Amino acid sequence: MSCGKRYFVFAAGIISCCLLFASPAFCADESDLPKLGPDIPSAKGIAITKNGIVKNITPMEEPVLKRIDINKIGVTPYYPTFEGLRLAKYFTIAQRVEIFQEPRPIDSYVLDAKKIRYLHWNQPWNTPGEYRQQIKPIFTRAYGTEVTMSDPRNKDAQWRYTHDYRDIYQNQFPIYRLNPQQLTPTSGFDIPYLINTNYSRESWDQNEILWMYAQRLYRLNWLTTLNFGYRYSTMNAKNDGPMNAYYENRHTYFTYFSLATSDTCEWFGQFEYFKSKRVHSAFIYSPDHYFYAAELRMRSADMKTSVTPRMSYSIDYYYPSRNKFSKYEMQIRAGHEFTPKLNWTNTIKANFAFRDEPDNQAPMYTRWGANPIHDMAGWVGDEIRFQYNFYDKLWFQSGVDLSAGTNVCDFDNGGFLAGLEYYAPGLIRVDVGYRGNYYYNIQDYLTSIYFKCYFFM
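What comes next concerns the included structure. (Residues numbered from 1 in each chain as written. Predicted model: local features only at pLDDT ≥ 70, side-chain atom pairs only at ≥ 80, totals over all residues. Heavy atoms only, no water.)

## Re the overall build of the protein
Thinking step 1. Each helix and strand in the protein was counted, giving 3 helices and 23 strands.
Thinking step 2. Counting the 457 residues in the protein, one finds 44% classified as buried.
Thinking step 3. Sequence-distant contacts in the protein: of pairs separated by 6 or more residues, those separated by 24 or more amount to 61%.
Thinking step 4. As displayed, the protein offers around 24000 Å² of accessible surface, 61% of which is attributable to carbon and sulfur atoms. (Helix = DSSP H or I, 4+ residues; strand = E, 2+ residues; numbered from the N terminus. Buried < 20%, exposed > 50% of the residue type's maximum accessible area, 1.4 Å probe, protein only. Contact = heavy atoms within 4.5 Å. Areas by Shrake-Rupley, 256 points an atom, 1.4 Å probe, with all protein chains shown as cover.)

As C-alpha cells, this is what we get:
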C-alpha cells in the first residue's frame with residue numbers, strides 16, 4: 001500500500017471516531033432511555049431520627065478501586081483491583097510474574113538509526129541490511145510482590161507497598177555496539193569497544209508506596225478516585241566486559257485521578273515526575289522527566305460500546321546540558337461488546353518524538369566541539385483486537401495491526417497476535433501469547449512471545 005493510500009485510511013478512521021464523539025448517546029444517562037420493563041424502584045434502607053421519624057435512604061454504590069490496563073480488550077479499559085490474599089486482619093498480599101518480549105515502536109527505531117549514523121560517521125547506516133540489525137525484541141523478566149494495608153470494614157482507602165524487580169535485555173541494542181571515539185576521521189573503520197561492548201542486561205530494583213482513595217460525592221453523586229505514589233529505583237546495566245555500563249538512582253513521584261460524573265462518562269488524568277542520577281559515572285548525568293496524560297472515557301447508555309480519546313506529553317531535560325527529548329502520543333480507543341462472550345477493541349494511534357541536543361559533541365566529543373542534533377520521528381498506526389470466551393474462564397484473543405512512519409518508511413510493519421487468557425477475578429489471571437511483525441520495506445520478520453501471571457490481583 002502506498003504512503004498516500006495508507007494515510008487516507010488512517011484519516012478516514014479518525015473521522016469515523018470523531019463522528020462517534022458527536023453522538024449524544026455516548027454521554028447519555030440511563031434515565032434518558034425508554035424503560036422496557038416495569039418501573040420497579042431500587043431497594044431502599046431506612047433510618048430513624050432522634051425524634052422517632054422514619055426516613056427512607058437510597059443506598060449509594062460502593063466505590064471501586066481500579067487498575068488501568070491498556071491491553072484490556074472490550075468496553076472496560078481496566079481490570080478491577082482486588083484486595084489480595086488476606087493474611088491478617090489489615091494486611092493482604094498479591095504476586096505477579098511477567099516474562100515477555102516486545103518490539104520497539106517505529107519512532108525508537110528511526111531515532112536509533114539516526115543516532116548510529118552520527119555516532120559512527122564512517123558507516124552510513126542507511127541500507128536494509130543495516131536496519132535489519134536493529135530488529136530485535138526487548139526481552140523483560142519481571143517479578144512483583146504487593147502488600148496492601150486496609151480496613152476490611154472501610155474499603156475507600158488503601159496503602160500499598162510494591163517491590164518490583166526486573167531484568168531487561170537488548171534495551172540499548174545496537175547503538176553502542178561499536179566504539180565511535182577515534183583519533184581522527186581518517187583512522188579507518190570503527191573498532192569494537194574494549195570495555196563497554198553493549199548494555200546486554202539492565203537490572204531494575206524498585207520499591208513503591210501508593211495511597212489509593214475512592215469516594216462518592218453524595219450531593220452530586222459523582223465518583224472520584226485519587227492515587228498518590230512514590231517509587232525509588234536503582235538501575236544497574238551489565239555488559240560483556242568486566243565493568244558496569246552505568247549505575248543509576250531514580251526518585252519518581254506520580255499521581256492518578258479520575259472523576260466519573262455518571263456510569264457513562266469519566267475523566268482520567270495522570271502526572272509523573274522523576275529525577276535520576278548516575279552516581280558512578282565519569283560525567284554528570286542527572287535528567288528530569290515530566291509526563292502528563294488525560295483521557296475521556298465515554299460509554300453508550302447500554303454499556304456495550306465505549307470510545308476513549310487519550311493524549312499524553314512527556315519531556316526530559318538532560319542536566320547539566322541543554323539537551324532535551326519530548327514526545328507526543330495521541331490515540332482513540334473504541335470498544336464494543338457484541339455478546340457477553342465476544343469483545344472487540346480498535347485503537348488508532350499517532351506518536352511524534354523530538355530530539356533536541358544543542359550540546360551534543362558526538363562522534364568525537366571534545367575533540368571537535370559541539371555537533372548540534374535536531375531531529376524527529378513519527379508514526380501512525382491502527383490496532384484491532386478480538387477476544388472470545390470459548391470455555392469457562394478461558395478466553396482466546398487475537399488481533400492485527402499496521403504501523404507506518406510519517407517521515408521515514410523503512411520500519412513500516414504489519415503484525416498479528418494470538419493468545420489465551422485465563423481470568424478468575426480476584427484469584428488468578430494468566431496471559432500467554434505470540435505476536436509477529438513483518439517489516440515489509442526491509443524484508444525482516446520479528447517473533448515475540450509473552451507470559452504474564454497475576455495471583456490475587
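## A look at unusual backbone geometry
Thinking step 1. For the bond running from Tyr-319 to Pro-320, omega is 10°, close enough to zero to count as cis.
Thinking step 2. Tracing the backbone shows Pro-320 in the loop between strand 16 (305-319) and strand 17 (324-339).
Thinking step 3. A positive phi angle, close to 65°, is found at Met-303, a residue other than glycine.
Thinking step 4. Along the polypeptide, Met-303 turns up in the loop between strand 15 (286-299) and strand 16.
Thinking step 5. Here Met-303 falls in the partly exposed class, since its relative accessible area comes to 21%.
Thinking step 6. Here the phi dihedral of Asp-392 falls at roughly 50°; this positive angle occurs in a residue that is not glycine.
Thinking step 7. In this structure, Asp-392 sits in the loop between strand 19 (373-391) and strand 20 (394-405).
Thinking step 8. For Asp-392, a relative accessible area of 49% puts it in the partly exposed group.

## Let's talk about the environment of Met-235
Thinking step 1. Counting through the fold element by element, Met-235 comes out in strand 12 (residues 222-239).
Thinking step 2. In this structure Met-235 comes out as buried when scored by relative accessible area, which is 1%.
Thinking step 3. As a C-alpha pair, Met-235 and Trp-204 span 31 residues in sequence and 4.6 Å in three-dimensional space.
Thinking step 4. Not counting residues within four places of it along the chain, the set of residues in contact with Met-235 comprises Ser-203, Trp-204, Tyr-246, Tyr-247, Glu-248 and Arg-250.

## Some words on the pairing of strand 6 (residues 91-102)
Thinking step 1. In this structure, strand 5 (residues 85-86) lies alongside strand 6, joined through 2 bridges in antiparallel fashion. Each residue of the ladder has a partner; that of Leu-85, found in strand 6, is Ile-93.
Thinking step 2. Connecting the antiparallel pair strand 5 and strand 6 is a turn made up of 4 residues.
Thinking step 3. Sheet topology places strand 6 next to strand 7 (residues 138-151); 12 bridges connect them, and they run antiparallel. (Pairing = 2+ DSSP bridges.)

## Brief notes about the packing of aromatic side chains
Thinking step 1. Throughout the structure, instances matching the rule amount to 19 aromatic pairs.
Thinking step 2. Relative to Tyr-439, the ring of Tyr-109 has its centre 5.9 Å away and its plane inclined at 85°; by these criteria the two rings are edge-to-face. With a gap of 330 residues between them, Tyr-109 in helix 2 (residues 106-119) and Tyr-439 in strand 22 (residues 428-439) connect regions that are remote in the sequence. Note on accessibility: Tyr-109 and Tyr-439 belong to one class, buried.
Thinking step 3. On the basis of an interplanar angle of 15° and a centroid distance of 6.1 Å, the ring pair of Trp-211 and Phe-228 is categorised as stacked. Taken together, the positions of Trp-211 in strand 11 (residues 199-217) and Phe-228 in strand 12 put the pair 17 residues apart, joining distant regions of the chain. (Phe/Tyr/Trp six-rings, centres within 6.5 Å; stacked < 30°, edge-to-face > 60°.)

## Some thoughts on the nonpolar core
Thinking step 1. Ranked by internal contacts, the top residues of the largest apolar core, which has 23 residues, are Tyr-109, Val-110, Tyr-131, Ile-135, Phe-411, Tyr-439 and Ile-442.
Thinking step 2. Taken together, the elements giving at least two residues each to this core come down to helix 2 and strand 19.
Thinking step 3. It is helix 2 that contributes the most residues to this core, 8 residues altogether.
Thinking step 4. Sequence-distant contacts of Phe-411, that is, excluding residues within four places in its chain, are made with Ile-106, Tyr-109, Val-110, Ala-113, Tyr-131, Gln-134, Ile-135, Tyr-439 and Ile-442. (Core = buried A, V, L, I, M, F, W, Y, C linked by side-chain atoms within 4.5 Å.)

## Focus on helix 2
Thinking step 1. For helix 2, spanning 14 residues, the distance from its first C-alpha to its last is 20 Å, which sits close to the expected 20 Å at 1.5 Å a residue.
Thinking step 2. When you tally the buried positions in helix 2, you get 12 out of 14 residues, the bulk of the element.
Thinking step 3. Turning to helix 2, its buried residues are Ile-106, Asp-107, Ser-108, Tyr-109, Val-110, Leu-111, Asp-112, Ala-113, Lys-115, Ile-116, Tyr-118 and Leu-119. (Expected span 1.5 Å × (residues − 1).)

## Some details on a nonpolar patch on the surface
Thinking step 1. On the surface, Ile-99, Tyr-388, Phe-390, Tyr-391, Phe-396, Leu-420, Val-432 and Phe-451 cluster together to form a nonpolar patch covering roughly 720 Å² of accessible area.
Thinking step 2. Ranked by the residues each element gives to the nonpolar patch, the list is headed by strand 19, at 3 residues.
Thinking step 3. With respect to the element layout, Tyr-391 can be found in strand 19. (Patch = residues over 30% accessible without salt bridge, like charges linked within 9 Å, V, L, I, M, F, W, Y side chains within 5 Å. Salt bridge = Lys/Arg side-chain N within 4 Å of Asp/Glu carboxyl O.)

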